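Fold and contact review
Chain by chain, the residues:
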Amino acid sequence: MPNLLLVEDMPDSLGAFVTSLRMAGHTVVGITDPCAAVETYRQQQQSGSPFDLVVLDLAMPNMNGFEVADQLRALDEGARIAFLTAFDEPLSVGRAEAGGAIAFWSKPLTAPTLIANVAKALR
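Scope of this entry: the structure provided in the associated data block. Throughout, a residue's number is its position along its own chain's written sequence, starting from 1. Local features in this predicted model are restricted to residues of pLDDT 70 or higher, and side-chain atom pairs are both shown and tallied only at a pLDDT of 80 or more, whereas totals for entire chains, interfaces and linings draw on every residue. Heavy atoms from the whole structure form the basis of all side-chain values; hydrogens and water molecules are not counted.

Our next topic: the environment of E8. Think of it this way: any DSSP run of H or I at least four residues long counts as a helix, any run of E at least two long counts as a strand, and we number them from the N terminus. With respect to the helices and strands, E8 occurs in the loop between β1 (3–7) and α1 (11–23). Separated by 84 residues in sequence, E8 and S92 have C-alpha atoms that sit 17 Å apart. Ignoring anything within four residues of it in the chain, the contact list for E8 reads S13, L14, F17, I31, T32, D57, L84 and K107. Contacts are assigned to residue pairs with any non-hydrogen atoms lying within 4.5 Å of each other.

Below, the discussion takes up unusual backbone geometry. Cis geometry is found at the peptide bond from K107 to P108, where omega equals 0°. On the secondary structure map, P108 appears in the loop between β5 (103–106) and α5 (111–122). Despite not being glycine, N62 shows a phi value in the positive range, around 75°. Of note, N62 is situated in the loop between β3 (53–57) and α3 (65–75). Residue classification places N62 among the exposed residues on the basis of a relative accessible area of 73%. Residue burial is assigned from relative accessible area. The probe radius is 1.4 Å, only protein chains are included, and a residue is buried under 20% of its type maximum, exposed over 50%, and partly exposed in between.

The axes are straight lines fitted to the C-alpha atoms, using for helices just the contacting stretch, and the angles between their N-to-C directions are given from 0 to 180°. Where helix α2 (residues 34–46) contacts α3, the two axes come as close as 10 Å, and the packing angle between them is 20°. Between α2 and α3, the angle is such that the two are roughly parallel. Seen from above, α2 lies across α3 with right-handed handedness. Across from P34, V38, Y41, R42 and Q45 in α2, the residues of α3 making contact are V68, Q71, L72 and L75. If an angle is under 35 degrees, it is roughly parallel; if it is over 145, roughly antiparallel; if it lies from 65 to 115, roughly perpendicular; otherwise it is oblique. Two helices cross in a left-handed way if the nearer one is turned anticlockwise from the farther one by less than a right angle. They cross in a right-handed way if the turn is clockwise.

So, about the environment of V93. Structurally, V93 can be placed in helix α4 (residues 90–98). The exposure class of V93 is partly exposed, given its relative accessible area of 22%.

Our focus in this paragraph is the sheet that holds β1. Each strand in a sheet pairs with another by means of backbone hydrogen bonds, the pair being arranged parallel or else antiparallel. For two strands to pair, DSSP has to find at least two bridges joining them. Read across the sheet, five strands follow the order β2-β1-β3-β4-β5 without closing on themselves; strand pairing throughout is parallel. The open sheet terminates on both sides in strands that have one partner only, identified here as β2 (27–31) and β5. Put simply, the sheet's adjacent strands are angled 20° from each other on average, direction ignored. With four bridges joining them, strand β4 (residues 81–85) and β5 adopt parallel strand pairing. Across the sheet, residue F83 finds its bridge partner in β5, namely F104. Its contacts with the sheet put α2 on β1, β2 and β3, and the angle it makes with β1 is roughly 165°.

Only rings of Phe, Tyr and Trp enter the pairing, Trp through its six-membered ring, and a pair is recorded when the two centres are within 6.5 Å. The plane angle decides the type: under 30 degrees is stacked, over 60 is edge-to-face, the rest tilted. For the coordinates displayed, the defined rule picks out three aromatic pairs. Ring geometry for F83 against F104: centres 6.3 Å apart, planes inclined by 45°, an arrangement best described as tilted. On the criterion of sequence distance, the pair formed by F83 in strand β4 and F104 in strand β5 is long-range, its members being 21 residues apart. In this pair, the class of F83 matches that of F104, namely buried.

Rendered as structure tokens:
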């Protein structure tokens, strides 16, 4: 069963995404605080059960998704990261690709589309 970390600062969106992914059979840790997400990733990696995929919202307070991704990559070069954002301008997409993101998804996103995107990213 794939182990996912989902970081989204909007609690309602996070709850809906986590519920949908769990119903699809994934193990999901959902976090609204980007700083806590970095610590959770570190702890999970140290426990020997690393996340198979991290889905990061791009626009978050305190630390944006790119900054979170940079910290995750400092902990684990092989971190598999996908971005989820309402701001899909070409500069953001290009930066995500240059940083090694495996996917860049635009909001709004339906549950079936999210599930399909995650399945594709895990292949």
